[in-house]
Amino acid sequence: MTKDIEVTEHHGGSSEYAAKDYQDPPPAPLFDAEELTKWSFYRALIAEFVATLLFLYVTVLTVIGYKSQTDPKLNLDQCGGVGIPGIAWAFGGMIFILVYCTAGISGGHINPAVTFGLFLARKVSLVRAVGYMVAQCLGAICGVGLVKAFQSSYYNRYGGGANELADGYNKGTGLGAEIIGTFVLVYTVFSATDPKRSARDSHVPVLAPLPIGFAVFMVHLATIPITGTGINPARSFGAAVIYNNEKAWDDQWIFWVGPFIGAFAAAVYHQFVLRAGAIKALGSFRSNA
């Protein structure tokens, strides 16, 4: 197979063709019905389901545990508990672990916004994207359901880990926080898995889950006080379904619209600006004219 060719500009105004030192994978088909006949597809769905279940189980338990440890009605040490940094570590650490474990099976999305961004970049087909999102939402519901089953009294008393817009913030602020937070996450996913970087830095594929987990951690530090940090529609949806509170449902749209806009922006920025997709497409059009 021949290598891709890209144009390199020189000071003299002339250009020459140079072989790339990496190979971009071909774009995934828009609709690949053949995937429905493959076991690898269903194995990936199971991996996404289980990973999202474990993610919600551990993180929602952490949120509820922190609220119970700092409940002023119990006269406990208000400086006790894991604190907001501990909650952020729970989310970021679990993403690091689960992406590491599932990357070779499903790609380790564990988030409909990540799946949506990769679909826009033609990294996955529509069939796989829809399947992943359904599996992630079901896994989130089951994960939060386990939390409620094991700690029903604490779950109901401390809000069930549901995402809600905090008092003092308007919906525009909450939406903006979700858009920017998801942009940071999905942009990191694209950068950490970029085949161009992988070819030049052989350690990048091994370390890819680390920057993704850190991105989740940092975004949580910034936005927990505003929205409780969604940036993952499955996480917000699963908690809302089990907690079933009017406030959680009223704010639910923020945790879908925001992450999907953020993922869209990250996909466009990485593919068409940083990877110069628009310029390459224009160059290809001109060469064929």
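Residues numbered from 1 in each chain as written. Predicted model: local features only at pLDDT ≥ 70, side-chain atom pairs only at ≥ 80, totals over all residues. Heavy atoms only, no water.

Concerning the overall build of the protein chain
Reasoning step 1: Within the protein chain one finds 13 helices and two strands.
Reasoning step 2: A total of 289 residues make up the protein chain; the buried ones form 45% of that total.
Reasoning step 3: For the protein chain, long-range pairs separated by at least 24 residues make up 74% of all intrachain contacts whose partners lie at least 6 apart in sequence.
Reasoning step 4: By element, 65% of the accessible surface of the protein chain is carried by carbon and sulfur atoms, the whole surface being about 14,500 Å². (Helix = DSSP H or I, 4+ residues; strand = E, 2+ residues; numbered from the N terminus. Buried < 20%, exposed > 50% of the residue type's maximum accessible area, 1.4 Å probe, protein only. Contact = heavy atoms within 4.5 Å. Areas by Shrake-Rupley, 256 points an atom, 1.4 Å probe, with all protein chains shown as cover.)

Quick word on the confidence of the model for the protein chain
Reasoning step 1: For the protein chain, the average pLDDT comes to 85, and 81% of its residues sit at 70 or higher.
Reasoning step 2: Segment residues 1-19: pLDDT under 50, and 27 contacts once partners within four positions in sequence are set aside and those in other chains are kept. (pLDDT = per-residue confidence, 0-100.)

Considerations on helix α9 (residues 209-227)
Reasoning step 1: The sharpest bend along α9 comes to roughly 45°, located at L221, with the proline P225 sitting one to four residues further on.
Reasoning step 2: Those residues of α9 that sit buried are P209, I212, G213, A215, V216, F217, V219, H220, T223, I224, I226 and T227.
Reasoning step 3: Taken from the residues just after α9, G228 is the one with a positive phi, measuring 80°. (Bend = angle between axes of the 7 residues up to and from the residue.)

Observations regarding the layout of surface pockets
Reasoning step 1: Within this model, the second largest pocket holds a volume of roughly 610 Å³.
Reasoning step 2: What lines the second largest pocket is a set of 36 residues, and nearest its centre among them are G107, G108, H109, L118 and T193.
Reasoning step 3: Secondary structure elements with two or more residues in the lining of the second largest pocket: α2 (83-102), α3 (112-120), α4 (126-150), α6 (171-192), α8 (204-207) and α9.
Reasoning step 4: Class assignment of the residues belonging to the lining of the second largest pocket gives a composition of 22 nonpolar, eleven polar and three charged. (1 Å grid on protein atoms, 1.4 Å probe; cavity = no way out; pocket = protein on both sides within 12 Å on 5 of 7 lines; lining within 4 Å. Points joined across faces, edges and corners; volume = space filled by probe spheres on them. Nonpolar A, V, L, I, M, F, W, Y, C, P; charged D, E, K, R; others polar.)

Some words on the packing of aromatic side chains
Reasoning step 1: Tallied over the full model, the rule gives 15 aromatic pairs.
Reasoning step 2: One aromatic cluster is present, built from ring pairs that chain together F116, F237, W249, W256 and F260. (Phe/Tyr/Trp six-rings, centres within 6.5 Å; stacked < 30°, edge-to-face > 60°.)

Re the pattern of salt bridges
Opposite charge on two side chains lets them pair, provided their charged atoms get close.
Reasoning step 1: According to the stated counting rule, one finds three salt bridges in the structure shown.
Reasoning step 2: Between E35 and R128 there is a salt bridge, with its nearest N and O atoms 2.8 Å apart. Taken together, the positions of E35 in the loop between β2 (15-19) and α1 (39-69) and R128 in helix α4 put the pair 93 residues apart, joining distant regions of the chain.
Reasoning step 3: The partner of K171 in a salt bridge is D251, with the nearest N and O atoms 3.0 Å apart. Residue K171 is located in helix α6, and its partner D251 is located in the loop between α11 (246-250) and α12 (254-274); the two are separated by 80 residues in the primary sequence.
Reasoning step 4: Connected via shared salt-bridge partners are K171, K247 and D251. (Salt bridge = Lys/Arg side-chain N within 4 Å of Asp/Glu carboxyl O.)

Structural notes on a nonpolar patch on the surface
Reasoning step 1: A surface patch of nonpolar side chains, amounting to about 600 Å² of accessible area, comprises L120, F264, V268, Y269, F272, V273 and L274.
Reasoning step 2: A total of six residues in the nonpolar patch trace back to one element, the largest contributor, which is α12.
Reasoning step 3: Counting through the fold element by element, F264 comes out in helix α12.
Reasoning step 4: With relative accessibility at 45%, the residue F264 sits in the partly exposed group. (Patch = residues over 30% accessible without salt bridge, like charges linked within 9 Å, V, L, I, M, F, W, Y side chains within 5 Å.)

Observations regarding the side chain of S125
Reasoning step 1: Assignment of secondary structure puts S125 in the loop between α3 and α4.
Reasoning step 2: Of the residues examined, S125 reaches a relative accessible area of 2% and is grouped as buried.
Reasoning step 3: Polar contacts involving the side chain of S125 include one to the main-chain amide nitrogen of R128, which spans 3.3 Å.
Reasoning step 4: Ignoring any residue separated from it by four or fewer positions in sequence, one finds S125 in contact with A28, P29, L30, D32, E35 and F119. (Polar contact = N/O pair within 3.5 Å; in protein donor to acceptor, adjacent residues only side chain to side chain.)

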